[in-house]
Amino acid sequence: MLTRLYGGHVVDPVNGVDGVGDLYFEDGRIVAPPEGRSADVEHDVSGHIVMAGAIDIHSHIAGGGVNTARLLLPEAHRAHRPRPANTPLSTAGWSTFETGRLYAQMGYTTVIEPAVSPHHALHAHLELADIPIIDKGFLTVLGNEDFLLSAFRDGATQDSVVDYIGATLEATRAIGVKCVNAGGVDAFKQNIRHFSLDDVVPEYGLSSREIFQTLQRAVNATKIRHPLHLHMNNLGLPGNVETALATIDSSQGLPLHLAHVQFYAYGTEGKNGFSSAAARFAEKINANKNVTVDVGQVMFADIVTISSDVMKQFNSLPGGRPKKGVIFDGDSNGLGVVPYSYRVSDFFNAVQWAAGLELFLLCDDPMQVFFTTDHPNGAPFTTYPEVFALLMSADKRAQYCSRLPADVLELTNLPALKREYSFYEIATMTRAAPRKLYGFEDRGQLGAGSVADIAVYKPQPDKAAMFRSAAYVFKDGNLVVRDGKVSHYTKGRTLRVRPEYDRKINSRLDKYYDGLYGLPRSLFEVQDAALPNADAFAEVPCRS
Amino acid sequence: MSNATLDGKSISSEDAYEKAAEILQAANFPLVAGLGADVAGAQAAILLAERLRGAFDHLASRDSLADLEVVRSAGIFVTTPNEARVRADLVLLVGPGLTGYWPAIFDRLALDKETVHGGKTARRVIWVGPKRGEAKIDGVEVETIPATEAELPGVLAALRARVGGRPVALPAAAAKKLDAAAEALKSARFGVAVWSAAGLDSLMVEMLQGMITELNATTRFTGVPIGGRGNATGVLQTSAWMTGFPPRTGFGRGYPEHDTWRFEASRLVESGEADAALWISAYSGEAPPWEDVDIPLITLGPPGSAPKHGLFIAVGKPGENYDAVEFAQETSSMVLRRASAPAELPTVAEAIAAISAKFSEDLPC
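Residues numbered from 1 in each chain as written. Chains lettered and ligands numbered in written order. Predicted model: local features only at pLDDT ≥ 70, side-chain atom pairs only at ≥ 80, totals over all residues. Heavy atoms only, no water.

> It is not clear to me how the overall build of chain A should be interpreted in this structure. Could you clarify?
Helix and strand content of chain A: 17 helices and 26 strands. For a compact globule of 544 residues, the expected C-alpha radius of gyration is about 24 Å, and chain A comes in at 23 Å, within 12% of that figure. On the principal axes, the C-alpha backbone points of chain A span a range of 70 × 60 × 50 Å. Across the 544 residues that make up chain A, the buried fraction comes to 68%. At a minimum sequence separation of 6, the contacts of chain A that also span at least 24 residues come to 77%. Looking at chain A as shown, the accessible area adds up to about 17600 Å², and 49% of this sits on carbon and sulfur atoms. (Helix = DSSP H or I, 4+ residues; strand = E, 2+ residues; numbered from the N terminus. Rg over C-alpha atoms; globule rule 2.2 N^0.38 Å. Buried < 20%, exposed > 50% of the residue type's maximum accessible area, 1.4 Å probe, protein only. Contact = heavy atoms within 4.5 Å. Areas by Shrake-Rupley, 256 points an atom, 1.4 Å probe, with all protein chains shown as cover.)

The following block contains the structure:
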């Protein structure tokens, strides 16, 4: 069935398109305008903005951490409306089902969960399989496990580390590798409470810097497209911009993605010893094109922090809002879940909010800076429309600033920044750039051959309303959202990578598991028989 | 041969599915309970409860909730058996009957072996309130702090008090023993408390976790909970991602509502609020907890577990008769259990699908 969207303003940065034009798709793929055929279905989208489906590169949507947060906070997700017929569980608050529905309604069609411990991969896949409509994938977390740290300590060859990463990606069916507070999670098990770039993990004699650098080189050598996705040390602490700057200085000229950098954009100025250092940070980012960042914008809302940086989460417990939390020392990994509430009247929260927007506005290239709230850590993903509106309007930011504590404005440059994002830049940040960051060849653009994941928005003065309720969303060519409401539920795919590696590593790993845990390694592998939809996987190609 | 019976008499599978659908569809507020099932079975059961606008509960909810009430009111420190195995230089066993709740416990925690990470040392093992004669582990010197079940809450409270340096009103000998234990806990590098909520109540778990929180002020200390029977933890996790809530959740108003009292299975049945029940106990064939209640009952259990009354449909044992995903105590994670004795029996999910296929069309999907 050939479908034509006509008359819309197409915004497609990958192909340099920014103007009125028609779009055709058939059998789930975008096609060139066919000659001598008329479309079977036509949608008049004149006066609308047409973009590829948006891609979220870092959002905690599934797995043990998210599920722990659900159980920790029953008060946070009560449902209030009966469900309509024919849509099972459509009214469950904060469920897998709701996650797919709410993302789709905003025009998002691909979302990456950024932190799954290798030993909990199956759980994450079970949840992902339950999320309707959108495609998804996850990063698996390495860099605090004994096997790897021992290998680094003992001077293992890079090839053997590449094999280990390959085997882990295969077993977990992940799309890339994240590293969280490199070495710090292990150090916390040894009762170390603060861990910076040059602190050394006891037992291994390795600094955080050495660990992330060695891992960064190895990830690069696997030829997977997504660079090492790094959660740096000292998240949330005053003055931590120094750690961030030093990390960029240590990035070896190789690709490196720094996660939720707003949480590292802090100086120590002012009477509270806490200020925005976003300007210095942005300058550094602009000057280092090998580095990409996502912002992790804070919005004023009740949230819950979910992080594998268990040391940081432990230190956050006393400040929890409400004061409760889960601290999990996992297998060679960790997890902390601590609720929090960002308040506009709170000096620190207001600085965080301003610092995030400063980063957005001061980083020059929207291909280098990614749109995230680190959902749900900085804000729920449902606040994205409001953040888009803030980026697109200096007036809207001024309205927000008028509500901030006066002393905050002295410690940020935000009021002076008049930049306003265009639709083209928004599309770059949420479509073109994620396509490049994850090496997607089939999405993030509207050229022929791409999957027909398409979001159509009706422009209106209230940009947040526009982005909150897409007029049309097509997933693989199926109309799934009409006027901001899901009209049709589909099953999405799970995206994974499968780099080449020497299978000889498997027998070494089997022996290691047997020796250390007395358990077969296969117990932790994701196998087809465990999944409701083993055929839903799609492979993201590696570099050749 | 059919694997279904009605009031003890064999009937065909087709008739059984037809009858089950009839019972559930005729009910005003059906209960899906037991839920002793693998993840796929639990998913099917919860979707069924939603479709029928009924409620669901798990046969070991009491135990899951004893831990969960602590999580959601105060928080919790937990680790995995693997991490305890490689790292725990002190293991605090809490309460009686731990080997009953987790037969492989001592072998899995390798209590007789040295730690591997964080230093290689022998482990210190302290057991508060073991059953008489229970505190014997091959190759391990177990220090015991005796306490009967009735005394256990007070002893835990006193131990926590001494960890925090607060006074206790105990005879000198008992206080001295507790002080020694408190010192041991405080000097542990990576201490791990192991408990089963089946043997404790929420307040005792909270007391234990409160003590762990205080110990973490100066050292590292955490816990390994022993989960409830019948894949209680796996079903809890599944329920959480599907509905946002643990079991004891109802859909009567058309959206999930969680209430540990309102949606408790026995109460729903005994009060007459539930007017039909689907009881699932695929692992063990455990019978429903309610007594002398005559509401239409459908049971899904392993062959041989048919009750005298009501409709029974035999299903395979998860992980034994069919490949199944469940929460593994030994890893604290979801794992695939390959069938060790495959059998020609429906899975829980298949049985529910077969029942659902018989619903008349006026029920929403």
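> Explain helix H11 (residues 347–362) of chain A to me, please; I cannot follow it from the model alone.
For an α-helix, the turn length of 3.6 residues means that residues three or four places apart are oriented alike. Residues and elements named next belong to chain A. Under the 1.5 Å per step criterion, the end-to-end length of H11 is 22 Å for 16 residues, consistent within 8% with the ideal 22 Å. Of all the 16 residues making up H11, 14 are buried; the element is thus mostly covered by neighbouring parts of the structure. Two or three places before Phe 348, at the start of H11, stands the capping residue Asp 346, its side-chain oxygen 2.8 Å from that residue's backbone nitrogen. (Expected span 1.5 Å × (residues − 1). Polar contact = N/O pair within 3.5 Å; in protein donor to acceptor, adjacent residues only side chain to side chain.)

> Looking at this structure, I do not really get the packing of aromatic side chains. What am I missing?
The way to describe two aromatic rings as a pair is by their centre distance and the angle between their planes. Residue and element names in this part refer to chain A. What the rule picks out here adds up to 31 aromatic pairs over all chains. Between Phe 147 and Tyr 512, the aromatic rings sit 5.0 Å apart at their centres with planes inclined by 80°, giving edge-to-face as the arrangement. Of the two residues, Phe 147 is situated in helix H4 (residues 146–153) and Tyr 512 in helix H17 (residues 504–516); the sequence distance between them amounts to 365 residues. Joined through ring pairs, the aromatic side chains of Tyr 103, Tyr 108, Phe 360, Phe 371, Phe 381, Tyr 384, Phe 388, Phe 423, Tyr 457 and Phe 467 make up one cluster. (Phe/Tyr/Trp six-rings, centres within 6.5 Å; stacked < 30°, edge-to-face > 60°.)

> Would you mind going over the sheet that holds strand E7 (residues 124–128) of chain B with me for this structure?
Residues and elements named next belong to chain B. In space, the 5 strands of this open sheet follow the order E8-E7-E6-E9-E10, with parallel pairing throughout. Either end of the sheet is taken by a strand with one partner, and the two such strands are strand E8 (142–145) and strand E10 (220–226). Averaged over all adjacent pairs, the angle separating strand axes in this sheet is 20°, with direction ignored. Bridge count between strand E6 (residues 90–94) and strand E9 (residues 190–196): 5 bridges; the pairing is parallel. The residue of E9 that forms the bridge with Val 91 is Val 192. (Pairing = 2+ DSSP bridges. Axes fitted to C-alpha atoms, helices over the stretch in contact; angles between N-to-C directions.)

> What am I meant to see in the state of the cysteines here?
As used in these notes, a disulfide is a covalent bond between sulfur atoms, one from each of two cysteines. All names here are of chain A. Tallied over the entire structure, the rule returns 0 disulfides over all chains. A disulfide-free cysteine, Cys 179 has its sulfur positioned 20 Å from the sulfur of Cys 542, the nearest such atom. On the basis of relative accessible area, Cys 179 is assigned to the buried category, the value being 0%. (Disulfide = S-S within 2.5 Å.)

> Where do I start with the environment of Ile126(B) in this structure?
Residue and element names in this part refer to chain B. For Ile 126, the position within the fold is in strand E7. Given a relative accessible area of 1%, Ile 126 falls into the buried group. What Ile 126 contacts, discounting residues up to four positions off in sequence, is Leu 90, Val 91, Leu 92, Leu 93, Glu 143, Ile 145, Ala 181, Ala 184 and Leu 185.

> What am I meant to see in the pairing of strand E13 (residues 276–281) of chain B here?
Across a regular strand the side chains alternate sides, sitting on one face of the sheet and then on the other. All names here are of chain B. A large share of E13 lies buried, amounting to 6 of its 6 residues. Burial along E13 is two-sided: the face carrying Ala 276, Leu 278 and Ile 280 and the face carrying Ala 277, Trp 279 and Ser 281 are both buried. With 5 bridges joining them, strand E3 (residues 30–36) and E13 adopt parallel strand pairing. If you follow Ala 33 over to E13, its bridge partner there is Trp 279.

> Honestly, the sheet that holds strand E17 (residues 302–307) of chain A in this entry has me stumped. Any pointers?
The strand order across the open sheet built from 4 strands is E17(A)-E19(A)-E18(A)-E5(B), with neighbouring strands paired in mixed fashion. Sheet topology places E17 of chain A together with strand E5 (76–79) of chain B at the edges, where each strand pairs with a single neighbour. Averaged over all adjacent pairs, the angle separating strand axes in this sheet is 10°, with direction ignored. As judged from the 6 bridges shared by E17(A) and strand E19 (residues 333–341) of chain A, these two strands associate in the antiparallel manner. Note that in E19(A) the partner of Asp302(A) across the bridge is Ser341(A).

> Got a minute to help me understand the nonpolar core in this structure?
One broad trend across soluble globular proteins is that nonpolar side chains are buried collectively. Of all hydrophobic cores here, the largest spans 258 residues; its most connected members are Ile165(A), Phe281(A), Trp353(A), Phe360(A), Leu92(B), Leu185(B) and Ile280(B). The element that contributes the greatest number of residues to this core is H11(A), accounting for 10 residues. Two domains each put at least three residues into this core: domain 1 (4–60 + 230–356) and domain 2 (65–226) of chain B. Not counting chain neighbours up to four residues away, the residues in contact with Trp353(A) comprise Gln297(A), Val298(A), Met299(A), Phe300(A), Leu390(A), Arg397(A), Tyr400(A), Cys401(A), Leu404(A) and Leu414(A). Grouped together as the second largest cluster of nonpolar side chains are 21 residues, Ala84(B), Val91(B), Trp127(B) and Val142(B) included. (Core = buried A, V, L, I, M, F, W, Y, C linked by side-chain atoms within 4.5 Å. Domains from an automatic or database assignment.)

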